[in-house]
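Architecture at a glance
Now for the letters of each chain:
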Number of protein chains: 2
Amino acid sequence: MRWRPTVLAAAALGGRALLTAAMAAVQGVNILDGAATAKAIRAELGRDVDALRAAHGVTPGLGVVLVGERRDSQTYVRMKQKVAAEIGVHCVDALLPDTASEAEILAAVEAMNADPDVHGILVQLPLPAHVDEGRVLGAIDFRKDADGFSETNVARLVMQGGPPPLAMPCTPAGCVELLRRHGVPLAGKRAVVLGRSNIVGMPVAALLQACDATVTVCHSATPDVAAVVRDADIVVAAVGRARYVEASWLKPGCVVVDVGINAVDDPEAKRGYRLVGDVDFDAAKDVASLITPVPGGVGPMTIAMLMSNVVNLTKASLGVETAPLPGRLGDAETTTRLSGLPKEGP
Amino acid sequence: MRWRPTVLAAAALGGRALLTAAMAAVQGVNILDGAATAKAIRAELGRDVDALRAAHGVTPGLGVVLVGERRDSQTYVRMKQKVAAEIGVHCVDALLPDTASEAEILAAVEAMNADPDVHGILVQLPLPAHVDEGRVLGAIDFRKDADGFSETNVARLVMQGGPPPLAMPCTPAGCVELLRRHGVPLAGKRAVVLGRSNIVGMPVAALLQACDATVTVCHSATPDVAAVVRDADIVVAAVGRARYVEASWLKPGCVVVDVGINAVDDPEAKRGYRLVGDVDFDAAKDVASLITPVPGGVGPMTIAMLMSNVVNLTKASLGVETAPLPGRLGDAETTTRLSGLPKEGP
C-alpha cells in the first residue's frame, strides 16, 4: 500500500505536520507510531495508578520545579501536567521567579525530597545562568529521580548485573520501548547511535547494548558517519540537525528512530515554520523497513516514559516489584519485523 | 628489522613468556611495551609522592582488604604492595579469614573510610560466596575509590561535562594511557572493544569515546565479530578466550590492545602452561602497526594506574589540582604512528 493518495488528501487539510501525522496514521505499513504507542502505555499506566490507589491508598506524585518564564519550558511543563492528569498522577508544582537564588531552588528540591506525596521530581531545564544545574540536579534524592539522570541511576544503567536503575532517561527508554512494542529484534543486530549526549545518545546506546545489540556511537569527531550508518540494522539519530541523515546512507530494510525535533522555515505553514527530524523522512521511509515520524514518533513516548518512571518510583517506595520499561532488558524479541531484507521498491 | 634471530636466542633461554618479552624488548618496532611504559609512569608517580610529602607532609596511603587465602588474590595483593613500596605509597592491610562475616568486612571498609592515612581503598575480589560484593564495594567512600568502580565515578566517566571521575578503572585507563604514550591518535578513529564487562569493556569504551574515537562494543550476542573488527583502527580485546582474535580479522596497520590473560597448556614450559592473550599475537603482529604483548602489555599498566588513582585521590583530598591519567581526555594526539596504511609485509 502506498501513501500517495492519502498524502494529497491530507495536504489539502493544511500544514506538513498534519500531513506527516496523517501519513503515519493511514499508511501504517512502516511507521513506528509513537503517538499510538504512547497512548497505549498511558492507558496501562492509568490502570497501574488505579491499582496502587486501591491496594495501597497511594497516588503517585510528580513534583515539578520550574524557574522563570521561558515559553518553551512552560509549554513542556503544561504537556507533562496534562498527561499526569490523564493517568491519575498528581502534580506538585514549585514555580519560582527567574531571580530565584540557587539556595531557594535547592530548598524547593529539598522540600520535595521530604514530601511523602512526591515520588518523582523533575527540575525543568535550562535553569537561569546564575544557577549551577549540576548542583540542583544532584540534590534530587535518586529514589525520586524522575528523569533517570542521577549518578546512581546512570551508573546502574551502564553496568551489568547489580541493582537495576530505579528510573531510566525518558527519551532513550521511549526509543527502545517503541522498538520493542513494534517487535523489532535488537539482540544480535547492529545499532548505530548518532550523538553522545547525556540525555539521549549515551543512555540509548547503553539500553540498546543491554538488549544485546552491537552498538556504535557516532559524534562530532566521526569523520564518515555515512559509512558507519550503512552497516546499521537500527539507526537512532539524536544530533539536532534538520534532515542530517540522508536516505542514501541507510541500509535497505533498516529501522530508523528519529529523536531530532528541528524547526525549518516553511512559508506555507501557519506559524511560518514546521518541525522536522534529524532524518530526511520523505526519502528515508522508502528505504527503511520502519521509521518514526517527526512529530508523532519519539516525542509522545518521552512523556509516557516520564510517567512510567513516576509510577515505578512510587512502586519502589512501597516495596512493590517493578518491571521497569523498556521491558526486561535482554529479552530478545523473536518477531521477524526486521528481516534485514531489502524493502520492496516504491 | 625482523625479530627472528632474537627469538631463537630467547627461545634458548627458556619458556615462551620470556620469548615474548624478549621479542617486545628487542624488536621494539611495533610493540606497545606496557612494562617499560608502566615503569616510566611509576617513576613519575614516585616524584609526585615525594612532592606531596615535601609540600603537604602527606604520604599517599592504599588500604587493601583481603579476605581468605586464595593464592591468586594473595599474589595480586603482593604485586600491588611491591609497586606501592617502589613509589613510596604506604599500605594499610586488613587481612580477614575466609570465615569473616559481611559485617566484619564492612567494618574493615568503614575503618579505612575513617582513616585519614588511607586515601585509596581496594577490596580484593572475588570475596567469599557468602558475602554480597556489591554491598561491600558500595560501602567504599567514592572519594577513596581506588578502583574507580563506584557508581559516582562510573557515572562521571560515561557522562559528558560535569565533574570528572576522581579515579578511573585501572585496566581501561592503562589501555588508553598506553596508546597515548605511544602517540596513537584516537580522535576520529574507529575503535572496536571486544567484551562489555564492568571492569574492562564498558569503561574502556567510555574512555575511548571521551578521546573522540568512534567506538563499537562487541559481546557474546554479536553474530559476526570478525566483520566488525575488520573496520577497526584500534582493537581492544577483553573477552578472556585464548587467541580468540585471528590475524585475518585485522585491518592492516591497526593497533591492537590485548587485555586477555589466558593460561594454555605448554609441556615445554616450566609450570606446564604459559600465558597468552585474547589475540593470536604471533600472526597478528605482522598485520598490526602496534600490538601489546601478553604478558608485558596491559598487565603492568593496570597496577601503575591503580597507584595513579591513589596519588590522585590523595591530591583531591588535599584540594591539589589533579590531571588524572589518561591525560586530558579529548586531547587529540597528532603523531602519525597510526598511519592507516598497511604495514610492510614480512
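Here the residue numbers are simple positions, counted from 1 along each chain's written sequence. Here chains are named by letter from A upward and ligands by number from 1 upward, in the order in which they appear as written. With pLDDT at 70 or above as the cut-off, local features in this predicted model cover only qualifying residues; side-chain atom pairs require 80 or more to be listed or tallied, and sums for whole chains, interfaces and linings still use all residues. Think of the side-chain values as coming from all heavy atoms in the structure, minus any hydrogens and water.

1. Considerations on the relation of the copies chain B and chain A
Inclusion rule: Least-squares fitting of one copy onto the other uses the C-alpha atoms of those residues that reach a pLDDT of at least 70 in both copies. For this analysis, residues touch if any pair of their heavy atoms sits within 4.5 Å.
By a simple turn and slide, chain B fits onto chain A: the slide is 0.0 Å along the axis, the RMSD is 0.0 Å, and the turn is 180°. The two molecules are tied by a two-fold rotation axis, judged by turn and shift. When you check the interface residues of chain B against chain A, 100% turn up at the interface there too, and the contact is symmetric in its surfaces.

2. Side note on the packing of aromatic side chains
All names here are of chain A. Using the following cut-off: Ring pairs are drawn from Phe, Tyr and Trp, using the six-membered ring of Trp, whenever the two centres fall within 6.5 Å, and their geometry is named by plane angle: stacked under 30 degrees, edge-to-face over 60, tilted for the rest. Under the scheme applied here, a residue whose accessible area is under 20% of the maximum for its type counts as buried, over 50% as exposed, and between as partly exposed, the area being computed with a 1.4 Å probe on protein chains only.
By the definition in use, this model includes two aromatic pairs over all chains. Between the aromatic rings of tyrosine 244 and tryptophan 249, the centroid separation amounts to 5.2 Å while the plane-to-plane angle is 85°, which identifies the pairing as edge-to-face. Across the pair, exposure class does not vary: tyrosine 244 and tryptophan 249 are buried alike.

3. Side note on the sheet that holds strand E2 (residues 90-96) of chain B
All names here are of chain B. Threshold: Two strands qualify as a pair provided DSSP detects at least 2 bridges between them. Put simply, DSSP H or I for four residues or longer makes a helix, DSSP E for two residues or longer makes a strand, and each gets a number counted from the N terminus. Between the N-to-C directions of two axes lies an angle of 0 to 180 degrees, each axis being a line fitted to C-alpha atoms and, for a helix, fitted only over the stretch in contact.
Strand order in the open sheet formed by three strands is E2-E1-E3, with parallel pairing between adjacent strands. Each having just a single partner strand, E2 and strand E3 (120-123) make up the two edges of the open sheet. Each strand of the sheet is rotated relative to its neighbour by a mean of 15°, with strand direction disregarded. Of the strand pairs in this sheet, strand E1 (residues 61-67) and E3 are connected by four bridges, and their pairing is parallel. In the strand pairing of E3, valine 64 is matched with leucine 122. Here helix H12 (residues 298-318) sits on the sheet and contacts E1 and E3; the angle it forms with E1, its principal contact strand, is near 125°.

4. Digging into the domain arrangement of chain A
For clarity, the cut-off: Domain delimitation follows an automatic or database domain assignment.
In terms of domains, chain A is made up of domain 1 (57-144) and domain 2 (170-299). Just the C-alpha atoms count here: the centres of domain 1 of chain A and domain 2 of chain A sit 29 Å apart.

5. Quick look at H12 of chain B
All names here are of chain B. Condition: One less than the residue count of a helix, multiplied by 1.5 Å, gives the span that helix is expected to have.
Helix length check: H12, at 21 residues, gives a terminal C-alpha distance of 30 Å against a target of 30 Å (1.5 Å per residue), a fit within 8%. Most of H12 is tucked away: 15 of the 21 residues are buried. Following H12 by one or two positions, glycine 319 has its phi on the positive side, about 75°.

6. Overview of the side chain of threonine 314 of chain A
Cut-off, in case you're wondering: Residues adjacent in sequence count toward polar contacts only when both atoms are side-chain atoms; beyond that, a polar contact is any pair of N or O atoms within 3.5 Å, and within protein one must be able to donate a hydrogen and the other to accept it.
Checked against the element boundaries, threonine 314 of chain A lands in helix H12 (residues 298-318). One polar contact links the side chain of threonine 314 of chain A to the main-chain carbonyl oxygen of valine 310 of chain A, over a distance of 2.7 Å.

7. Here's the deal with helix H9 (residues 201-210) of chain A
Of all 10 residues in H9 of chain A, nine are buried, a share of seventy percent or more. Immediately beyond the C-terminal end of H9 of chain A, within one or two residues, lies aspartate 212 of chain A, with a positive phi of roughly 75°.

8. Quick look at the interface of chain B and chain A
Where we set the bar: The term buried area refers to how much accessible surface (probe radius 1.4 Å) is lost by two components on association, counted for both of them together. Between Lys or Arg on one side and Asp or Glu on the other, a salt bridge is scored when a side-chain nitrogen of the former is within 4 Å of a carboxyl oxygen of the latter. Ten residues, namely Ala, Val, Leu, Ile, Met, Phe, Trp, Tyr, Cys and Pro, are considered nonpolar, four, namely Asp, Glu, Lys and Arg, are considered charged, and the remaining ones, Gly among them, are considered polar.
Each side of the interface is counted separately: chain B has 29 residues, and chain A has 29 residues. Both sides of the chain B and chain A interface together cover about 2,600 Å² of buried area, and 49% of this is carbon and sulfur. When the buried area of chain B at its contact with chain A is split by residue, Glu151, Gln160 and Arg196 of chain B rank highest and sum to 22% of it. For glutamate 151 of chain A, the salt bridge goes to arginine 156 of chain B, with nearest N and O atoms at 3.0 Å. There are 17 residue pairs in polar contact (both at pLDDT 80 or more) connecting chain B and chain A. Secondary-structure elements contributing two or more residues to the side of chain B that touches chain A are helix H7 (151-158), helix H9 (201-210) and strand E5 (214-218) of chain B. Of the residues contributing to the side of chain B that touches chain A, the split by class is 13 nonpolar, 10 polar and six charged.

9. Comments concerning unusual backbone geometry
The peptide bond linking leucine 125 of chain A to proline 126 of chain A adopts the cis configuration, its omega dihedral lying at -5°. Along the polypeptide, proline 126 of chain A turns up in the loop between strand E3 (120-123) and helix H6 (133-138). Cis peptide bonds are those with omega within 30 degrees of zero, and the linkage from valine 294 of chain B to proline 295 of chain B qualifies with -5°. The topology assignment puts proline 295 of chain B in the loop between strand E10 (290-291) and H12. Positive phi is not limited to glycine here, since arginine 243 of chain A has a value of about 50°. Looking at the secondary structure, you find arginine 243 of chain A in the loop between strand E6 (234-237) and strand E7 (255-258). Owing to a relative accessible area of 35%, arginine 243 of chain A belongs among the partly exposed residues under this scheme.

10. Remarks on the sheet that holds strand E2 (residues 90-96) of chain A
Residue and element names in this part refer to chain A. The strand order E2-E1-E3 describes an open sheet built from three strands, whose pairing is parallel. If you trace the sheet from one side to the other, it starts and ends with E2 and E3, each paired once. Each strand of the sheet is rotated relative to its neighbour by a mean of 15°, with strand direction disregarded. In the sheet, strand E1 (residues 61-67) pairs with E2 via seven bridges, with the strands oriented parallel. Bridge assignment links glycine 61 to a residue of E2, and that residue is histidine 90. Sitting on the sheet, helix H4 (residues 71-87) touches E1, E2 and E3, and the angle it makes with E1 is about 170°.

11. Digging into the pairing of E6 of chain A
Residues and elements named next belong to chain A. Neither face of E6 is exposed, since Ile234 and Val236 on one face and Val235 and Ala237 on the opposite face are all buried. Sheet topology places strand E4 (residues 190-194) next to E6; four bridges connect them, and they run parallel. By the bridge assignment, valine 193 is partnered in E6 with valine 236.

12. Here we look at the pattern of salt bridges
Residues and elements named next belong to chain A. What the rule picks out here adds up to 30 salt bridges over all chains. Residues aspartate 266 and arginine 274 are paired through a salt bridge, measuring 3.0 Å at the closest nitrogen-oxygen approach. The exposure class assigned to aspartate 266 is buried, which follows from its relative accessible area of 10%. According to the relative accessible area criterion, arginine 274 is buried, its value standing at 18%. Taken together, the shared-partner salt bridges connect Glu44, Glu177, Arg180 and Arg181 into one network.

13. Here's the deal with the packing of H7 of chain B against H9 of chain B
Residues and elements named next belong to chain B. The cut-off we apply is this: Should an angle fall under 35 degrees it is called roughly parallel, over 145 degrees roughly antiparallel, and 65 to 115 degrees roughly perpendicular, with every other angle called oblique.
Their axes nearest at 9 Å, the elements H7 and H9 cross at an angle of 40°. By the angle between their directions, the pair H7 and H9 is classed as oblique. Facing Val154, Leu157 and Val158 of H7, the residues of H9 in contact are Met202, Pro203, Ala206 and Leu207. For the contact of H7 with H9, the residue count by class is seven nonpolar, no polar and no charged.

14. Some remarks on the packing of helix H4 (residues 71-87) of chain B against H12 of chain B
Packed helices, taken two at a time, are described by the angle their axes make and the gap between the axes. Residues and elements named next belong to chain B. What counts, and what does not: Each crossing gets its handedness from the near helix: less than a right angle anticlockwise from the far helix is left-handed, clockwise is right-handed.
Packing of H4 against H12 leaves a shortest axis separation of 10 Å and a crossing angle of 55°. Here H12 runs oblique to H4, going by the angle between their axes. When the axes of H4 and H12 are compared, the crossing they make is right-handed. In this structure, H4 contributes Met79, Lys80, Val83, Ala84 and Ile87 to the contact, and H12 contributes Ile303, Leu306 and Met307. Across the contact of H4 with H12, the residue classes tally to seven nonpolar, no polar and one charged.

15. Description of the environment of cysteine 218 of chain B
Tracing the sequence through the fold places cysteine 218 of chain B in strand E5. Relative accessible area serves as the criterion here: at 2%, cysteine 218 of chain B is assigned to the buried category. For the pair cysteine 218 of chain B and alanine 94 of chain B, spaced 124 residues apart in sequence, the C-alpha separation works out to 38 Å. If near-sequence neighbours (up to four positions away) are discounted, cysteine 218 of chain B is found in contact with Thr214 of chain A together with Val192, Val193, Leu194, Gly195, Arg196, Val225 and Val228 of chain B.

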